[in-house]
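Overview (structure and organization)
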Amino acid sequence: MPPIVALSFLITATIIAWSIAPQLFTAYSPVVGVPADKLLGPSAAHWFGTDHLGRDLYARVVYGTASSVSSALVAVVIGVLAGGLIGLLAGFLGGWVDVVLARLVDVLLSIPKFLLAVIVVTAIGFETINAAIATGVSAVAIFARVTRAEVIKTRQATFVEAAFLSGGSRWFILWRHILPNASRSVLPLAVLQFGESILVIASLAFLGYGDPPPASDWGLLISIGKDYLKWPWLVYAPAFITIVTVLSVNRISRWLRKTD
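The paragraphs below set out a description of the structure included in this document. What you see is a predicted model, and the numbers here were worked out from it, not measured in a lab. (Residues numbered from 1 in each chain as written. Predicted model: local features only at pLDDT ≥ 70, side-chain atom pairs only at ≥ 80, totals over all residues. Heavy atoms only, no water.)

**Digging into the overall build of the protein chain**
Helix and strand content of the protein chain: ten helices and zero strands. Start at the N end of the protein chain and walk to the C end: the helices and strands fall as α-α-α-α-α-α-α-α-α-α. The dimensions of the protein chain, computed from C-alpha atoms along their principal axes, are 80 × 45 × 25 Å. Taking all 260 residues of the protein chain together, the buried fraction comes to 46%. In the protein chain, the share of contacts with a sequence separation of at least 24, taken over all contacts with a separation of at least 6, comes to 69%. Carbon and sulfur atoms form 71% of the exposed surface of the protein chain, whose accessible area is close to 12900 Å². (Helix = DSSP H or I, 4+ residues; strand = E, 2+ residues; numbered from the N terminus. Buried < 20%, exposed > 50% of the residue type's maximum accessible area, 1.4 Å probe, protein only. Contact = heavy atoms within 4.5 Å. Areas by Shrake-Rupley, 256 points an atom, 1.4 Å probe, with all protein chains shown as cover.)

**As for the pattern of salt bridges**
Under the definition given, this model contains six salt bridges. A salt bridge links K113 to E196; its shortest N-O distance comes to 2.9 Å. Of this pair, K113 sits in helix 4 (residues 113–124) while E196 sits in helix 8 (residues 186–206), and the two are 83 residues apart along the sequence. Assessed through its relative accessible area of 29%, E196 is described here as partly exposed. The residue D227 makes a salt bridge to K226 at a minimum N-O spacing of 3.6 Å. The exposure class assigned to D227 is exposed, which follows from its relative accessible area of 55%. Using a relative accessible area of 37% as the deciding quantity, one classes K226 as partly exposed. Salt bridges here are not isolated pairs; linked through shared partners, they connect D51, R55 and R60. (Salt bridge = Lys/Arg side-chain N within 4 Å of Asp/Glu carboxyl O.)

**Thoughts on the nonpolar core**
Of all hydrophobic cores here, the largest spans 29 residues; its most connected members are W18, F48, L57, V61, F194 and I241. Residue assignment for this core shows that the elements contributing at least two residues are helix 1 (3–20), helix 2 (57–93), helix 5 (128–155), helix 8, helix 9 (218–225) and helix 10 (233–259). If one sorts the elements of this core by residue count, helix 10 sits on top with eight residues. (Core = buried A, V, L, I, M, F, W, Y, C linked by side-chain atoms within 4.5 Å.)

**Observations concerning the packing of helix 4 against helix 5**
Helix 5 packs onto helix 4 with a crossing angle of 140 degrees between their chain directions and a minimal axis gap of 8 Å. As the angle between them shows, helix 4 and helix 5 are arranged oblique. With respect to the hand of their crossing, helix 4 and helix 5 are arranged in right-handed fashion. Of the residues in helix 5, those touching helix 4 at K113, L116, A117, V120, V121 and I124 are N130, A131, I133, A134, T135, V137, S138, A139 and I142. (Axes fitted to C-alpha atoms, helices over the stretch in contact; angles between N-to-C directions. Parallel < 35°, antiparallel > 145°, perpendicular 65-115°, else oblique. Left-handed = near helix turned anticlockwise from the far one by under 90°.)

**Details of a nonpolar patch on the surface**
A cluster of nonpolar side chains, contributed by I4, L7 and L10, occupies part of the molecular surface with about 280 Å² of accessible area. With respect to the secondary-structure elements, I4 resides in helix 1. For I4, a relative accessible area of 44% gives the class partly exposed. (Patch = residues over 30% accessible without salt bridge, like charges linked within 9 Å, V, L, I, M, F, W, Y side chains within 5 Å.)

Laid out in structure tokens, this is it:
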């Protein structure tokens, strides 16, 4: 394993640990601050500095990880299940089913993903979980297109034709042979989409489509920090964590594709 990939795994594991047990990584509260300590720069006592209410910014970033990671996972699950099912049925059944579902995917692909996410979250409500659902819906077309292509390629393989000639039913062959082989390309895409979902959800939170304060979603922290330009660490810290996380996940996805 290349060192950069090992480092990416280490960073991703740290982020996941933050989301599972944030209290193990900081003794400060993410919502209760000390007014006398407001807008302090990064130091040994406050690694990322403090905000305008005297709250430790590192603690707020760490506690905000749970929302960012869980929301991204929800988005990926929605994309994989809905998009995978559409692609599986379209590629395996073919005919008019493929035509109808393929046109549906084309319509979704014609709409910019972020715009589609904004439309969905506006329709269902301004909460982080709704932002996750909106992000998942915007990813359905990508997973459907990839799954359909893999199913069509696998369906033409020799071992699938042999299974048909041996008397296997269509649905048995679908679940026993085609699905496991077609899903190999979905894993790297799901990992890649996990990183992109973090970015999209953070962008939605930045625009106010997530949970309101005192929530500490990464995008919300950046949005709050932009109003205090004289204290740039309020933006730099959550932005840096977001960028490093997304780059690490993307690097892992590239490694998985090459490994496959």
